[in-house]
Amino acid sequence: WKDIVSARSGVHILDLLQLVAKKVVMSGCKRVGLLDVDGTHASGRFKACLEEHGIEVVLPWKSEQKMIMNVVADIKMGVSAADGPLETLVEIVTQLVKRDGVSAVILGCTEVSSALGTATNRPDITYFDSLSILADEIISRFHDTKEVRKASS
């Protein structure tokens with residue numbers, strides 16, 4: 001559908017899932033955990049996209065997924081990450097590393113990224129923040145476009 005919309009509108013559509021997958025591939029990580037919301041989780045699109053790129057995806061246990069959804073609800077209601085959500089997510093990430101042997105975790109939604117905040121500086125784990133990856137791509141394309149405009153004027 002993206003190609004059809006792009007062709008009809010003349011606007012290039014960025015594919016968040018592909019951008020994240022490419023970033024993970026470039027990093028050399030082969031086994032990642034995925035923290036996302038139930039809807040994304042249930043669709044299986046994020047996991048399938050990563051697997052198409054040769055990346056093994058480890059999902060949180062059902063009980064951990066419920067905890068993630070509680071964190072998302074808390075963040076949306078204005079609860080500070082320091083008041084519980086951060087600790088909950090760090091606990092889940094720790095389990096993914098210790099129990100499941102992942103070397104990286106994809107932050108697949110805004111609230112998860114927001115709640116983890118500065119916890120992403122742990123040296124034993126690589127984090128891929130999907131929204132930051134998208135923002136970086138948009139900024140990069142904007143700068144590339146500006147350079148093309150300068151060169152042609």
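Refer to the structure presented above.
Residues numbered from 1 in each chain as written. Predicted model: local features only at pLDDT ≥ 70, side-chain atom pairs only at ≥ 80, totals over all residues. Heavy atoms only, no water.

### Details of the pattern of salt bridges
The full count for this structure, using the stated rule, is five salt bridges. In this structure, Lys47 engages Glu51 in a salt bridge whose closest nitrogen and oxygen atoms are separated by 2.6 Å. Taken together, the residues span about one helical turn, with Lys47 and Glu51 both in helix H4 (residues 45-52) at a distance of four residues. The class for Lys47 is partly exposed, based on a relative accessible area of 27%. On the accessibility criterion, Glu51 (37% relative accessible area) is partly exposed. Note that Arg99 and Asp100 form a salt bridge whose closest N and O atoms lie 2.9 Å from each other. Of the residues examined, Arg99 reaches a relative accessible area of 26% and is grouped as partly exposed. Here the salt bridges share partners, and the residues they tie into one network are Glu64, Arg99 and Asp100. (Salt bridge = Lys/Arg side-chain N within 4 Å of Asp/Glu carboxyl O. Helix = DSSP H or I, 4+ residues; strand = E, 2+ residues; numbered from the N terminus. Buried < 20%, exposed > 50% of the residue type's maximum accessible area, 1.4 Å probe, protein only.)

### As for the environment of Gly108
Position of Gly108 relative to the elements: it lies in the loop between strand S3 (104-107) and helix H7 (110-116). A C-alpha to C-alpha distance of 8.4 Å links Gly108 and Phe128, two positions 20 residues apart in sequence. Gly108 has contacts with Leu35, Asp36, Phe46 and Ser130, leaving out every residue within four places of it along the chain. (Contact = heavy atoms within 4.5 Å.)

### Here we look at the sheet that holds strand S1 (residues 31-35)
The strand order across the open sheet formed by four strands is S2-S1-S3-S4, and the pairing between neighbours is parallel. Strands with a single pairing partner mark the edges of an open sheet, and in this sheet they are strand S2 (56-58) and strand S4 (126-129). Neighbour-to-neighbour, the strand axes of the sheet open up by a mean angle of 30°, direction not taken into account. As paired strands, S3 and S4 are joined by four bridges and run parallel to one another. Residue Ala104 lies in a different strand from S4, and its bridge partner there is Thr126. Taken strand by strand, helix H2 (residues 16-27) contacts S1, S3 and S4, and its axis lies near 160° from that of S4. (Pairing = 2+ DSSP bridges. Axes fitted to C-alpha atoms, helices over the stretch in contact; angles between N-to-C directions.)

### Considerations on the packing of aromatic side chains
A complete count under the given rule lists zero aromatic pairs for this structure. The ring centre of Trp61 lies 3.8 Å from the NZ or CZ of Arg99, which sits over that ring. (Phe/Tyr/Trp six-rings, centres within 6.5 Å; stacked < 30°, edge-to-face > 60°. Lys NZ or Arg CZ within 6 Å of the ring centre and 35° of its normal.)

### Considerations on the nonpolar core
Membership of the largest hydrophobic core comes to 21 residues, with the highest contact counts inside it found for Leu35, Leu89, Val105 and Val112. Elements that contribute at least two residues to this core include exactly helix H5 (62-76), helix H6 (85-98), S3 and H7. The contact partners of Val112, leaving out residues within four places of it in the chain, are Leu35, Ile68, Val72, Leu89 and Leu107. Counting 17 residues, the second-largest nonpolar core is a separate cluster that includes Leu17, Ala21, Leu34 and Val57. (Core = buried A, V, L, I, M, F, W, Y, C linked by side-chain atoms within 4.5 Å.)

### Quick notes on the pairing of S1
When you tally the buried positions in S1, you get four out of five residues, the bulk of the element. Sheet analysis places S1 next to S3, joined by four bridges and oriented parallel. Its bridge partner lying in S3, Leu35 is registered against Leu107.

### Some thoughts on the side chain of Glu64
Its place among the elements puts Glu64 in helix H5. By relative accessible area, which is 7% here, Glu64 ends up buried. Within polar-contact distance, the side chain of Glu64 engages the backbone nitrogen of Trp61 at 2.8 Å. Not counting residues up to four positions away in its chain, the partners in contact with Glu64 are Ile92, Gln95 and Arg99. (Polar contact = N/O pair within 3.5 Å; in protein donor to acceptor, adjacent residues only side chain to side chain.)

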